[in-house]
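# Remarks on the overall topology
Listed here are the chains, written in short residue letters.
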Amino acid sequence: MAARNTKGKALALKMYDALSTEFPDSTCSLEIDCPENLAIRGILSAQCTDKRVNITARELFEKFPDMNAIAAQDPETIAAIIKPCGLTGSKTRSVMAFAKKMTGEWGGVVPNDTALLMEVPGIGRKIANLIVGEVYGTPAVVVDTHCKRVMKRVGITESTDPNKVEKDIMKVFPEDTWIRIGHLSVDLGRKYCTAQSPKCDACPLASFCAGRI
Ligand code: SF4
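Since the model is a prediction, treat every value here as computed from it, not as a measurement.

## Quick word on the overall build of the protein chain
Helices and strands together make up the secondary structure of the protein chain, namely 11 helices and 0 strands. For the protein chain, the α and β elements follow one another from N to C terminus as α-α-α-α-α-α-α-α-α-α-α. Its C-alpha atoms give the protein chain a radius of gyration of 18 Å, within 12% of the compact-globule value 17 Å for 213 residues. In terms of principal-axis extent, the alpha carbons of the protein chain reach across some 55 × 35 × 25 Å. Out of the 213 residues belonging to the protein chain, those deemed buried represent 47%. Look at the contacts in the protein chain between residues 6 or more apart in sequence, and 57% of them connect residues 24 or more apart. When the accessible surface of the protein chain is summed, it comes to about 10,500 Å², and 53% of that surface belongs to carbon and sulfur atoms.

Structure (structure tokens):
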């Protein structure tokens, strides 16, 4: 096990260095203005592009600039605005539930606590990790569909279960890279390691990737 971990750590280091060189400005593609708005964007991001979420969230926050204003609306009003992001019913319930937590028991402060955040329907582990990582700098790995695919192809994990992938990443990547490795994986997944036609010949990980084709 120790030998396997050592090998994994060496691979992780090579991967991190190569990705950091390729994508020096890698960052979260959801807009971040304040913690609560990021949480709402995270809720809206399920099965939707970050670009679409950013546009729709801007419209929402222009009309209702804080959580008090959102919590005071009828769900139908919120639903009409967030509809372009899809899954309108469940996302509306989540946005309302989050706004009510913020104006109620959380006293206006987004918790730095994944378990508490996950009490809101629609906030799963991925979004909770995104919030604590981006808002508070708490080391946390965001495993989205790109990260899952890339980590398996490269050889960091053998699993496709996001919770297991997260644990495998945490075993081999240093804690201070956890937030950034998620962003770097997304950049790689979008530019080179796409789901259908990975561009292995041009990929910065090609020289050591287990899944190169
Ligand atoms: S070499 Fe190919 S499979 Fe490996 S990470 Fe790059 S694009 Fe993906």
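Once you've had a look at it, read on.
## Structural notes on the site of the ligand
Around the ligand sit R153, V154, L188, Y192, C193, P198, C200, C203, A206, C209 and G211, and that is every residue in its neighbourhood. Here the shell around the ligand is composed, by residue class, of 9 nonpolar, 1 polar and 1 charged.

## Concerning unusual backbone geometry
Positive phi outside glycine occurs at Q47, with the angle close to 50°. Structurally, the position occupied by Q47 is in the loop between helix 2 (35–44) and helix 3 (50–63).

## Some points on the domain arrangement of the protein chain
The domains assigned to the protein chain are domain 1 (2–27 + 141–202) and domain 2 (35–136). The interface of domain 1 with domain 2 comprises 9 residues on the first partner and 7 residues on the second. With both chains or domains summed, domain 1 and domain 2 bury close to 620 Å², and 51% of this area falls on carbon and sulfur atoms. Area buried by domain 1 at its contact with domain 2 is led by V142, E166 and I179, which between them contribute 54% of it.

## Looking at the packing of helix 3 against helix 5 (residues 75–82)
Axis separation between helix 3 and helix 5 bottoms out at 9 Å; the angle between their running directions is 145°. The residues of helix 5 that touch helix 3, namely those facing T56, E59, L60 and K63, are I78, I81 and I82. Across the contact of helix 3 with helix 5, the residue classes break down as 4 nonpolar, 1 polar and 2 charged.

## Considering the environment of G133
Examined against the element boundaries, G133 turns out to sit in helix 8 (residues 125–136). Discounting chain neighbours no more than four positions away, the residues touching G133 are T138 and I179.

## Structural notes on the packing of aromatic side chains
The final tally for this structure, using the stated rule, is 2 aromatic pairs. When the ring of F23 is compared with that of Y192, the centres are 6.5 Å apart and the planes differ by 55°; the resulting orientation is tilted. Here Y192 lies in the segment after helix 11 (178–191) and F23 lies in the loop between helix 1 (2–22) and helix 2, a separation of 169 residues in the sequence. The pair formed by F23 and Y192 is uniform in burial state, with each residue classed as buried. Ring centres of F98 and W106 lie 6.0 Å apart, and the angle between their planes is 70°; on these two criteria the pair is classed as edge-to-face. A single burial state applies to F98 and to W106, both of which are buried.

Each value, and the rule that gives it
- Residues numbered from 1 in each chain as written.
- Predicted model: local features only at pLDDT ≥ 70, side-chain atom pairs only at ≥ 80, totals over all residues.
- Heavy atoms only, no water.
- Helix = DSSP H or I, 4+ residues; strand = E, 2+ residues; numbered from the N terminus.
- Rg over C-alpha atoms; globule rule 2.2 N^0.38 Å.
- Buried < 20%, exposed > 50% of the residue type's maximum accessible area, 1.4 Å probe, protein only.
- Contact = heavy atoms within 4.5 Å.
- Areas by Shrake-Rupley, 256 points an atom, 1.4 Å probe, with all protein chains shown as cover.
- Near = heavy atom within 4 Å.
- Nonpolar A, V, L, I, M, F, W, Y, C, P; charged D, E, K, R; others polar.
- Domains from an automatic or database assignment.
- Buried area = accessible area lost by both parts, 1.4 Å probe.
- Axes fitted to C-alpha atoms, helices over the stretch in contact; angles between N-to-C directions.
- Phe/Tyr/Trp six-rings, centres within 6.5 Å; stacked < 30°, edge-to-face > 60°.

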